[in-house]
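# Structural features, examined
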Amino acid sequence: MSASEAPGGSLPAATVQAQAPDLGLPEEACLFTGPLDPCTLVIFGASGDLAGRKLLPALLSLFRQGALPTPFLVVGCARSEFTSDSFRAAMWEKLQAAGGADRAVWEDFAPRLHYLGFDYSSLASYVLLNNFLQELEREHPTQGNRIFYLAVPPSLYQEVALLLHQAGMAEQGVRGQGWARIVVEKPFGRDLASALELNRTLRQGFREEQIFRIDHYMAKETVQNVLIFRFANTIFEPLWHRHYIEQVGIIAAETLGVEQRASFYEETGVLRDMFQNHMLQLLALIAMEPPSLFESQRVRDEKAKVFRSLKPLEMPLPPGTVILGQYTAGEINGRRVPGYREEPGVSPDSLTPTFALLTAHLDNWRWQGVPFHLLSGKRLAQKLTRIVIQFREVPHSLFRNVHLGPIQPNRLVIGIHPEEAITLTFETKNPGALVCLRRVTMEFPYYQNYRGPILEAYEKSLLDVIQGDQMLFWRQDAVELAWQYLDPLIRACETCPDPARLLKFYPAGSWGPPEAAEVTGPWRG
Ligand code: NDP
């Protein structure tokens, strides 16, 4: 360990030396589990933001790393008028705009990309697509394996899934077809009833093991690491419960506003956009019991148990259970930014929350009485996603004769993004003749001494779909349990006779409404 200054703070810090894995394998070996089935990825909504900004760059990066199967084809489907050539040109422009695209790699990849003009609501389009795929499959032996990615607005999910089914494309292993998987982006409904309805439609053609409900947060390296950190070490787990942990903080703070997605956000708000998915998944990773095997169904069983243990929110809400906010004009990184209500496409009297601090409790043996504070918001002071485990104070301060004031409790911080590090803060003796206490932080930067390839979240998610591994995807029972928990809260907020009373305003660039800043202040430094 070497002493150094703590990042962004005045505490002395110590770094942990990470050792490169000594497996006798190249680091690339951590990327792939084995040969992948050849397949075709069909992207509905291929002209859109998600396809151009996330999916194509992820596919190109996987291709560059030799991580895609052979053969691997992509068929973009949308209403926009493109030929395959003009679609490739448009995608290349988007890739360049995103930065870092390698022309030589692109030239190699581009012939795998095709485009089919598409009418989402016409069965004839799906029949045409099926013929188009069969033709491609004759030229390129993909064994008829297909992934259907719904990168379209949520209002189209059911129609596309149903027509895929009606065109016979949800079936597996018949008429030369191999496996068929469907990828659904969040939001999975806008409440419990619509989530159930979406699932009913999906299930008309697809079985649960064919449905990949993506939550790209789960595929972040630092998020995946939470289970390894908890269950591949003996020293943390014995402390991981109500006897030693006082509270847990989960923060997902953004400096961005609604950008170009105002109409989507007006309908959604922070509770649907962040809590129903990412925030509850992070909570589950911290709170779940160890599964008997690191395997998709068993891991997701344990997560579902956590959601089942969420203590239902009392109605009317006791004070302090939830703080909702909306940003007003302010300053971020020295730049003036408008308030939410002044953003293009937002109603001038909008009551949509852009910030929430929700204190959740779990009704189970391990976590009884431990608050889980979940905070997420837009236009906050700093881009920061982290999990803070705040341990209890020492039971008895035997240093009270030499140390004035309370001894600070230990704190474990799991930095998710952009800080990708785990830090542990503890008390030590300050060197010198006097016995003075000094708080130090031991830090493990996640990528230290790792030189292998790094998979971005969408890359990992796409690779998992190709591999058929559902571990990092939502299972329907968990989706329903998450909605069951949040629905009453969202309904109470939206049907409150005086909604303005619920909403606190905060200037962009702050840490949210002052009431929330008081609770979360200690975890942000
Ligand atoms: P877009 O709004 O960019 O829509 C994608 C494509 O769908 C458009 O290019 C358009 O293609 C088609 N489309 C849009 N509106 C309609 C409509 N009313 N009727 C028929 N077709 C329409 O969406 P995104 O790419 O941003 O997102 C796709 C999905 O992924 C959404 O469900 C979103 O919630 C989800 N998502 C997006 C993220 C992102 O970063 N963008 C992040 C996480 C989830 P055309 O007109 O050519 O057919």
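Residues numbered from 1 in each chain as written. Predicted model: local features only at pLDDT ≥ 70, side-chain atom pairs only at ≥ 80, totals over all residues. Heavy atoms only, no water.

## Considering unusual backbone geometry
The condition is simple: Strands are runs of DSSP state E lasting at least 2 residues, helices are runs of H or I lasting at least 4, and numbering of each runs from the N terminus. Relative accessibility thresholds used throughout: buried, under 20% of the residue-type maximum; exposed, over 50%; partly exposed, between the two (1.4 Å probe, protein chains only).
A cis amide bond, omega 5 degrees, links Lys186 with the succeeding residue Pro187. Within the fold, Pro187 resides in the loop between strand E7 (180–184) and helix H6 (192–205). Residue Pro418 is bonded to the preceding His417 through a cis peptide linkage, with omega at -5 degrees. In this fold, Pro418 is placed in the loop between strand E16 (411–417) and strand E17 (421–430). Located in the positive-phi region is Asn333, a residue other than glycine, with phi close to 50 degrees. You can see Asn333 is positioned in the loop between strand E11 (330–332) and strand E12 (335–337). The exposure class of Asn333 is exposed, given its relative accessible area of 73%. Here Arg379, not a glycine, exhibits a phi torsion of approximately 55 degrees, which is positive. The residue Arg379 is located in the loop between strand E14 (372–377) and strand E15 (384–391) in this model.

## Concerning the site of the ligand
Our working rule: If even one non-hydrogen atom of a residue comes within 4 Å of a molecule or strand, that residue is called near it. Within 3.5 Å is the distance limit for a polar contact, defined as a pair of N or O atoms, with the added protein rule that one can donate a hydrogen and the other accept it, and that residues adjacent in sequence qualify only through two side-chain atoms. For the area figures, the Shrake-Rupley method with a 1.4 Å probe applies, and any residue is considered shielded solely by the protein chains shown. Just so you know the grouping, Ala, Val, Leu, Ile, Met, Phe, Trp, Tyr, Cys and Pro go in nonpolar, Asp, Glu, Lys and Arg go in charged, and all remaining residues, Gly too, go in polar.
Around the ligand sit 21 residues in total, of which Ser47, Asp49, Arg79, Ser80 and Tyr157 are the nearest. In this structure, Leu50 approaches the ligand through a main-chain N or O atom, which is 2.7 Å from an oxygen atom. One of the side-chain N or O atoms of Tyr120 is found 2.8 Å from an oxygen atom in the ligand. Within the complex, the protein chains bury 76% of what would otherwise be the 870 Å² of accessible surface of the ligand. Here the element with the most residues in the shell around the ligand is helix H1 (residues 49–64); it accounts for three residues. Tallied by class, the residues present in the shell around the ligand amount to eleven nonpolar, four polar and six charged.

## Brief notes about the environment of Pro522
Secondary-structure assignment places Pro522 in helix H13 (residues 514–524). We classify Pro522 as partly exposed; its relative accessible area is 46%. In this structure the C-alpha to C-alpha distance between Pro522 and Val388, which are 134 residues apart in sequence, comes to 9.8 Å.

## Concerning the domain arrangement of the protein chain
Here is the rule: Domain borders in the structure are assigned automatically or taken from a domain database. Contact definition: two residues touch when any of their heavy atoms are within 4.5 Å. Accessible area that two parts lose when put together, evaluated with a 1.4 Å probe and summed over both, is termed the buried area. Here, a salt bridge means any side-chain nitrogen of Lys or Arg that lies within 4 Å of a carboxyl oxygen of Asp or Glu.
Domain boundaries assigned for the protein chain yield domain 1 (39–214) and domain 2 (221–394 + 475–524). Put simply, the middle of domain 1 and the middle of domain 2, counted by C-alpha atoms, are 31 Å apart. Each side of the interface is counted separately: domain 1 has twelve residues, and domain 2 has 15 residues. With both sides pooled, the region where domain 1 packs onto domain 2 buries about 1200 Å², and carbon together with sulfur makes up 53% of that total. Broken down residue by residue, the surface that domain 1 buries against domain 2 is led by Lys186, Arg190 and Leu192, which jointly contribute 46%. On the surface where domain 1 and domain 2 come into contact, there are one salt bridge. Between Lys186 and Asp273 there is a salt bridge, with its nearest N and O atoms 3.0 Å apart. One can count seven residue pairs in polar contact (both at pLDDT 80 or more) joining domain 1 with domain 2. A total of four residues in the side of domain 1 that touches domain 2 trace back to one element, the largest contributor, which is H6. When grouped by side-chain class, the residues that make up the side of domain 1 that touches domain 2 number five nonpolar, two polar and five charged.

## Re the pattern of salt bridges
A side chain with one charge can pair with a side chain of the opposite charge if their charged atoms come near. Scanning the entire structure with this criterion turns up 20 salt bridges. For Asp85, the salt bridge is made with Arg88, and the minimal N-O distance between the two is 2.9 Å. On the criterion of helical spacing, the pair formed by Asp85 and Arg88 is a turn pair, its members being three residues apart in helix H2 (residues 84–98). As a salt-bridge pair, Glu137 and Arg146 come within 2.8 Å of each other at their nearest N and O atoms. Judged by relative accessible area, Arg146 falls into the buried class, the value being 1%. The structure contains a network of salt bridges with shared partners spanning Arg230, Glu237, Glu289 and Arg366.

## Quick notes on the packing of helix H9 (residues 296–309) against helix H11 (residues 476–495)
As a reminder, the rule being used: Simply put, an axis is a line fit to the C-alpha atoms, just over the touching stretch for a helix, and the angle between two N-to-C directions goes from 0 to 180 degrees. Angle categories are assigned with fixed cut-offs, so that under 35 degrees is roughly parallel, over 145 is roughly antiparallel, 65 to 115 is roughly perpendicular, and the rest are oblique. If you view the pair so one helix is near and one far, a crossing is left-handed when the near helix is turned anticlockwise from the far one by less than a right angle, and right-handed when it is turned clockwise.
Where H9 contacts H11, the two axes come as close as 9 Å, and the packing angle between them is 20 degrees. With respect to H11, the axis of H9 lies roughly parallel. You can see that H9 and H11 cross each other, and the crossing is left-handed. Contact residues: Ala304, Phe307 and Arg308 in H9; Asp477, Ala478 and Leu481 in H11. Of the residues that constitute the contact of H9 with H11, the class distribution is four nonpolar, no polar and two charged.

## A closer look at the nonpolar core
For clarity, the cut-off: The set of buried Ala, Val, Leu, Ile, Met, Phe, Trp, Tyr and Cys residues whose side-chain atoms join them within 4.5 Å is what this entry labels a nonpolar core.
Formed by 160 residues in total, the largest nonpolar core has its most connected members in Phe44 and Phe372. The residue makeup of this core includes at least three contributed by each of domain 1 (39–214) and domain 2 (221–394 + 475–524). In contact with Phe44, other than residues within four places in its own chain, are Cys77, Phe118, Tyr120, Tyr126, Leu129, Phe148, Tyr149, Leu150, Ala151, Val152, Val160 and Leu164.

## Regarding the packing of helix H7 (residues 221–231) against helix H8 (residues 262–287)
Their axes nearest at 9 Å, the elements H7 and H8 cross at an angle of 15 degrees. Here H8 runs roughly parallel to H7, going by the angle between their axes. As for the relative orientation of H7 and H8, their crossing is right-handed in sense. Note on element contacts: H8 touches H7 through Leu282, Leu285, Ile286 and Ala287, opposite Val223, Val226, Leu227 and Arg230. For the contact of H7 with H8, the class distribution of residues is seven nonpolar, no polar and one charged.

## Some thoughts on the packing of aromatic side chains
Rules: Two aromatic rings, drawn from Phe, Tyr or Trp (for Trp, its six-membered ring), form a pair once their centres lie within 6.5 Å of each other, and the interplanar angle then sorts them: stacked below 30 degrees, edge-to-face above 60, tilted otherwise. Consider the ring centre and the ring normal. A charge sits over the ring if Lys NZ or Arg CZ is within 6 Å of that centre and within 35 degrees of that normal.
Going through the model one piece at a time under the given rule, you end up with 22 aromatic pairs. Each ring, one from Phe44 and one from Phe118, has its centre 5.3 Å from the other, and the planes form 55 degrees; the classification is tilted. Of this pair, Phe44 sits in strand E3 (residues 39–44) while Phe118 sits in the loop between strand E5 (113–117) and helix H4 (123–139); the two residues are 74 residues apart in sequence, bridging distant segments of the chain. As far as burial versus exposure is concerned, Phe44 and Phe118 are alike and both buried. Plain terms: the ring middles of Phe212 and Phe473 are 5.1 Å apart, the flat faces sit at 85 degrees to each other, and that makes the pair edge-to-face. Of this pair, Phe212 sits in strand E8 (residues 211–213) while Phe473 sits in the loop between helix H10 (457–467) and H11; the two residues are 261 residues apart in sequence, bridging distant segments of the chain. One aromatic cluster in this structure is built from Phe44, Phe118, Tyr120, Tyr126 and Phe148. Positioned over the ring face of Trp179 is Arg181, at 3.6 Å from the centre of the ring. Seen from the ring of Phe264, Arg261 lies directly overhead, with NZ or CZ sitting 4.3 Å from the centre.

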